[in-house]
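The chain contents come next:
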Amino acid sequence: MHTAPPNGTEPPHAAAPPGNAEPPGAPPTLALRDLVGDPALALVPMTRDALLDRRIGWAHISELADPAPYMTGGELLLTAGLAVPAAAAGPGAYGAYVATLVRAGAAALGFGLAPVHTAVPPELTAVCEEQGLPLLAVPEATPFHTIARTVAAALHRRHAEQLLSMAEAQAAIAAAALHRTAPVAAVLEATARAAGGWALLLDGGGRPLAATAGAPEPGPGLRDRAARLGRTGGPRSAVDHDRDGYVALHPVEGPGHAPVAEGVRETGTPVLLLGGDRPPTVAARGAGATAAGLLGLLTRTDRAERQQGALAALLLLGDDPAAPGRARDLLASLLGGGPVGEAGTAGPPQARALYARRAPGAAADTGAADPYPPGPLYDVPGRGGGAEETLRGVMPTGTTRSDLDRLRERGGWLAALSRPVPPGLLPAADREARLLLRRALASGAPVVAEDGGLGIGAAVDPARAAHWARQTLGPLLDEPAEADGTALTEVLRAWLGCHGGWDRTAQLTGLHRNSVRHRMRRVEALLGVDLADAAVRAELLLALGWCP
């Protein structure tokens, strides 16, 4: 008969699963029956056969009368009986000793038949049987350290099996993510197989996105649990259970994803649900974590592609009268939900225009993670075509000079960034960024516009400005390039950007100082101007910026 220990609490081993099964999700353990079945050890069970289903997590040797302070639970305690009370002490003494082991969580007791005892005391056997503690007789020919090494080797093998099972499950899930047409569904199927149950993916609002066969319709309680788990700042996993089974919940995106415009993205992250009849095993938990990471990437990429397509359609067709402002909200979502309005007040989202060219003599770092700006809103017309590459894009308002420095370091881009503007002024911001790029090319350093308006670039019609610039610079544009390939307009641009500095201009253009002086005299002659006049220099600088 199994009795509770004196303190009134159930012993730790009482919750062990029936049969020879290992508790799901627990560290590796060894069934006592497997250890008894090893003929090399010749262990003899002294208590009833059903107790051999107990599982042990380690083998510990102790001759103390009270080894409890040195036990953590789940041990096979091995003793030669030095501290076991003599038969003359009466059965009550055996009961106190066994009760101490049960309270400490011992999984079983191994009693050595040498050198103190030649047989297991019958009183000890009776007490162990009564208190439900498996008792094994250890023959004289079996050293305790042999038993300990056997247990350690078996636990090591079990741990290796768990790792192999987890690795195989992760490999299958990763391969499923490469499915050409339905990667999300394929990942769910592979994860469900690894977990031995079903898989269900809910969006941030608790609505099903995809599911495997056998996945139930989530009830209100489970939907609420998933929604709370998907909110920023909550726990990163959870296990729920009821009479229908167990459900493990995994958010599929990491923390820190703030919600953005209503109707564009859910207020929480999607959540992966893995269900089954038993608690999740170690391999199932590993499979869930792997799937959550991959599904986060897949759903985020899929959502971004849909948003990009929707934004392109709205820009071509015009805003939908039934959903005014949707293009603006899509832009805010694609830019990561950056600052809106002025001074933190409600208002339209803002963005910056980026204009960049390859820095002279620069090349992309082929080993860099990404030689282009973050986010999807950029274009490289000459990409892969062998021509000089130009990069234009729309960037979040939080983009800084350090971001432009990284862009140059990784991709060889020399860039200029406009002031933050609402979406309707992005074409004007693009013109401002293009003008600023002239300054960046002349100085050899990235340029970021200061806040406070777009300046003259937003007030000038591009077509008229280009026509005026062509008339102003016509003689220089018609003049053939020098033998070294340097156009007079480029020398003039560099000289104006260097505030008339001969040495700095020579350094930027690669010309000799005297060659720069000679060509600037030719510019004065062809245009019929005096470059010592500040108004003339300002006019020429504007013309170079607007020149097509």
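Quick caveat: nothing in here was measured; it's all calculated off a predicted structure.

Quick notes on the rules
- Residues numbered from 1 in each chain as written.
- Predicted model: local features only at pLDDT ≥ 70, side-chain atom pairs only at ≥ 80, totals over all residues.
- Heavy atoms only, no water.
- Pairing = 2+ DSSP bridges.
- Helix = DSSP H or I, 4+ residues; strand = E, 2+ residues; numbered from the N terminus.
- Contact = heavy atoms within 4.5 Å.
- Axes fitted to C-alpha atoms, helices over the stretch in contact; angles between N-to-C directions.
- Expected span 1.5 Å × (residues − 1).
- Buried < 20%, exposed > 50% of the residue type's maximum accessible area, 1.4 Å probe, protein only.
- Polar contact = N/O pair within 3.5 Å; in protein donor to acceptor, adjacent residues only side chain to side chain.
- Core = buried A, V, L, I, M, F, W, Y, C linked by side-chain atoms within 4.5 Å.
- Salt bridge = Lys/Arg side-chain N within 4 Å of Asp/Glu carboxyl O.
- Phe/Tyr/Trp six-rings, centres within 6.5 Å; stacked < 30°, edge-to-face > 60°.
- Lys NZ or Arg CZ within 6 Å of the ring centre and 35° of its normal.
- pLDDT = per-residue confidence, 0-100.

### Focus: the sheet that holds strand β4 (residues 58–61)
Part 1: The five strands are arranged β2-β7-β6-β5-β4 in an open sheet whose pairing can be described as mixed. The open sheet is flanked by β2 (44–45) and β4, the only strands paired with a single partner.
Part 2: As paired strands, β2 and strand β7 (residues 135–138) are joined by two bridges and run antiparallel to one another. From the neighbouring strand, P45 faces β7, where its bridge partner is L136.
Part 3: Against the sheet, helix α4 (residues 144–176) engages β4, β5 (75–79), β6 (108–112) and β7, with an angle of about 160° to β4.

### Concerning α4
Part 1: When the terminal C-alpha atoms of α4 are compared, their 48 Å separation across 33 residues agrees well with the 48 Å that a helix rising 1.5 Å per residue should span.
Part 2: The complete set of buried residues in α4 reads F144, I147, V151, A154, L155, Q162, M166, A169, I173 and A176.

### Regarding the sheet that holds strand β13 (residues 351–358)
Part 1: Pairing within the open sheet is mixed, and its five strands lie in the order β14-β15-β13-β16-β17. Whereas interior strands pair on both sides, the edge strands pair on one side only; in this sheet they are β14 (378–379) and β17 (447–448).
Part 2: For strand β16 (residues 413–417) and β17, the ladder comprises two bridges, and the chain directions are parallel. Looking at β17, one finds that L417 is bridged to V448.
Part 3: Sitting on the sheet, helix α10 (residues 426–443) is in contact with β13, β15 (390–396), β16 and β17, with an inclination near 40° to β13.

### As for the pairing of β7
Part 1: Here β7 shows a buried face lined by L135 and A137 and a second buried face lined by L136 and V138.
Part 2: Judged from the four bridges that link them, β6 and β7 form a sheet pairing that is parallel. Bridging across to β7, G110 finds its partner in L136.

### Examining helix α15 (residues 534–546)
Side chains of residues three or four places apart in an α-helix project in the same direction, reflecting 3.6 residues per turn.
Part 1: Over its 13 residues, α15 extends 19 Å from the first C-alpha to the last, a length consistent with the 18 Å expected when each residue adds 1.5 Å.
Part 2: When we look at burial in α15, the residues that qualify are V536, L540, A543, L544, G545 and W546.
Part 3: The backbone nitrogen of A535 lies 2.9 Å from a side-chain oxygen of the residue at the head of α15, namely D533.

### With respect to the nonpolar core
Part 1: Ranked by internal contacts, the top residues of the largest apolar core, which has 22 residues, are L473, L476, L492, W495, M520 and L540.
Part 2: Looking at this core, the elements that each hand over two or more residues are α11 (462–478), α12 (488–497), α14 (513–527) and α15.

### Some words on the pattern of salt bridges
Part 1: Under the criterion given, the structure shown has 13 salt bridges.
Part 2: One salt bridge connects D405 with R401, and the closest N-O pair in it is separated by 3.2 Å. Here R401 and D405 lie together in helix α9 (residues 401–411), a separation of four residues that amounts to about one turn.
Part 3: Taking the relative accessible area as the measure of exposure, R401 reaches 39% and is therefore partly exposed.
Part 4: With its nearest N and O atoms 2.8 Å apart, the salt bridge here joins R493 to E490. Placement of the pair is R493 and E490 together in helix α12, with a separation of three residues, close to one helical turn.
Part 5: Owing to a relative accessible area of 8%, R493 belongs among the buried residues under this scheme.
Part 6: Judged by its relative accessible area of 42%, E490 is partly exposed.
Part 7: Counted as one network, the salt bridges with shared partners bring together R33, D49 and D53.

### Some points on the packing of aromatic side chains
Part 1: Inspection of every chain in the model, using the stated rule, returns one aromatic pair.
Part 2: Pairing W495 with W502 gives two aromatic rings, centres 5.8 Å apart and planes at 40°, and the pair type is tilted.
Part 3: Judged by relative accessible area, which is 8%, W495 ranks as buried.
Part 4: Taking the ring centre of W413 as reference, the NZ or CZ of R358 above it sits at 4.2 Å.

### Structural notes on the confidence of the model for the chain
Part 1: Looking at the chain as a whole, the pLDDT averages 77, with 72% of positions reaching at least 70.
Part 2: A low-confidence stretch, residues 1–20 stays under pLDDT 50, and its non-local contacts, those more than four residues away or across chains, total 34 contacts.
Part 3: Within the model, pLDDT remains below 50 along residues 338–346, and this stretch shows 11 contacts once partners closer than five positions in the same chain are excluded.

### Side note on unusual backbone geometry
Part 1: With an omega of 5°, the peptide bond running from A114 to P115 counts as cis.
Part 2: With respect to the helices and strands, the residue P115 is situated in the loop between β6 and α3 (122–131).
Part 3: With a phi angle near 55°, A42 is a residue other than glycine that sits in the positive phi range.
Part 4: Mapped onto the elements of the fold, A42 is located in the loop between α1 (32–36) and β2.

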